[in-house]
Amino acid sequence: MKVTMAPLQESKRIVSIDVLRGIAILGIFLVNMPSFHSPLLYIDGAERWSGGWDRVLFRVSDVVAQASFYPLFAFLFGFGAIILAVRSEEKGISFPLLFTKRLSFLLVIGCIHAFFIWHGDILINYAIFGFAFLLFYKMKGRNLILLGSFCYVLPFAILGSLFLIMGIFDSEGVAITTDSKMMKQSLEIYQSGTFTEIMNQRAIDWYMVNNPFNGIILFLSIFPFFLIGAGVAKQGFLQNPIQYKRQMKAVMIVSLLFGLSFKILPYVTVYHFGTIFVQDYFGGPLLTMFYITAITLLTEKTGAFGLFQPLSCIGRMSMSNYLFQSIICTSIFYSYGLGLYGSVSYTSGFVFLIALFCLQVLLSLLWLSLYKYGPIEYVWRFVTYGKKPDMRR
């Protein structure tokens, strides 16, 4: 006899979490856009976009978005996992089984995304690292936060110090270089290659980022935020922001000041791999903490819901919107679309990004006025529970 699981109800949504997901989708789009239309993987963006509005917009995006929104998504991943665990236990459903189904679907979607749409996928990493999360989710909230913080800060403090010291004694060794051969290959294939050639290039680009050595760095930069997000969920900070208002304001101010200080480091000191490493791996997560605390406190203010509702709708359809961005952008910039890869300025890409995101807001508002879930989210729930969700409002 086949037993189906009853889908968990979402009547008690935390508005700030949906808004944060929406902001994360925008932030990740800011970071991803140059890679959609240019071989950013093999060049120095600051050198390529070094004049006029290109320079201004590149630096602004680098400071406010780079390395701040993948940690945010990882934090929300861990936070959401604990909310799911609590709700599943209330319903008498096995959380490990439920979570395994969710991760398996995420892994499949990630593979399709990475190798058939765009190489810069994050879903594969989140799915694989998510299985390791099952070993830790029962820990106490405080211990999860401490463990996650320790696992992140220690290795990157050591690496950051080494790179900065190298920069003092061997500036050429930490200089940002351009891989001319791979840059040229990317330009040729994405501009005018066949779909098969583009698939092969996607695989090469994906492995460039996800090879075994980088995989360790990715794990250390993502998984700790799963633990921290889970710990914050267990402690109830975001569910009860008024109770922790004073502490959250303190974190917001400190993380903004220190975060911006680290983020501007390459532009006010020496621009090399060491300062960029510190900028990304310390400035990025500190701004993540600022975004989390600031948005959580703002959503508690009277009238804030109407202001943030568009971002909330984007967040409720976060996976659908994330994939939508990749599909539209590669269709425009790759050879099987308009073939504009390599011929778009940073400013033009930025303007297109804003226009497309506004379109996503409108589509998300319209969709959620008719349906409860985004299209990918609907399939995800169906796969997870083995039962068609009630889609219509």
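Residues numbered from 1 in each chain as written. Predicted model: local features only at pLDDT ≥ 70, side-chain atom pairs only at ≥ 80, totals over all residues. Heavy atoms only, no water.

**What about the nonpolar core?**
Line of reasoning, step 1. Within the largest apolar cluster, 92 residues are counted, with the highest numbers of intra-cluster contacts made by Y126, F133 and F226.
Line of reasoning, step 2. Not counting chain neighbours up to four residues away, the residues in contact with Y126 comprise Y70, F73, A74, F77, L103, L106, I222 and F226.
Line of reasoning, step 3. Among the nonpolar cores identified, the runner-up in size contains 7 residues, and A46, W49, F58 and Y346 belong to it. (Core = buried A, V, L, I, M, F, W, Y, C linked by side-chain atoms within 4.5 Å. Buried < 20%, exposed > 50% of the residue type's maximum accessible area, 1.4 Å probe, protein only. Contact = heavy atoms within 4.5 Å.)

**Focus on the environment of F99**
Line of reasoning, step 1. Within the secondary structure, F99 is located in helix α5 (residues 95–116).
Line of reasoning, step 2. In this structure F99 comes out as buried when scored by relative accessible area, which is 3%.
Line of reasoning, step 3. Other than its neighbours up to four places away in sequence, F99 contacts F77, A81, L84, G130, F133 and L134. (Helix = DSSP H or I, 4+ residues; strand = E, 2+ residues; numbered from the N terminus.)

**Section: the packing of aromatic side chains**
Line of reasoning, step 1. Under the defined criterion, the tally for this structure stands at 39 aromatic pairs.
Line of reasoning, step 2. Ring centres of F105 and W380 lie 6.1 Å apart, and the angle between their planes is 25 degrees; on these two criteria the pair is classed as stacked. Here W380 lies in helix α17 (residues 375–385) and F105 lies in helix α5, a separation of 275 residues in the sequence. Accessibility classification places F105 together with W380 in one group, the buried group.
Line of reasoning, step 3. Pairwise contacts between aromatic rings join F77, F95, F99, Y126, F129, F133, F136, Y137, F219, F223 and F226 into one cluster.
Line of reasoning, step 4. The lysine or arginine in question, R102, covers the ring of W380, its NZ or CZ lying 4.2 Å from the ring centre. (Phe/Tyr/Trp six-rings, centres within 6.5 Å; stacked < 30°, edge-to-face > 60°. Lys NZ or Arg CZ within 6 Å of the ring centre and 35° of its normal.)

**Notes on the pattern of salt bridges**
Line of reasoning, step 1. Per the stated rule, a full pass over the model turns up 2 salt bridges.
Line of reasoning, step 2. The closest approach of N and O atoms between D18 and R21, which form a salt bridge, is 3.6 Å. Here R21 and D18 lie together in helix α1 (residues 15–37), a separation of 3 residues that amounts to about one turn.
Line of reasoning, step 3. D18 sits in the buried class, given a relative accessible area of 3%.
Line of reasoning, step 4. We classify R21 as buried; its relative accessible area is 19%. (Salt bridge = Lys/Arg side-chain N within 4 Å of Asp/Glu carboxyl O.)

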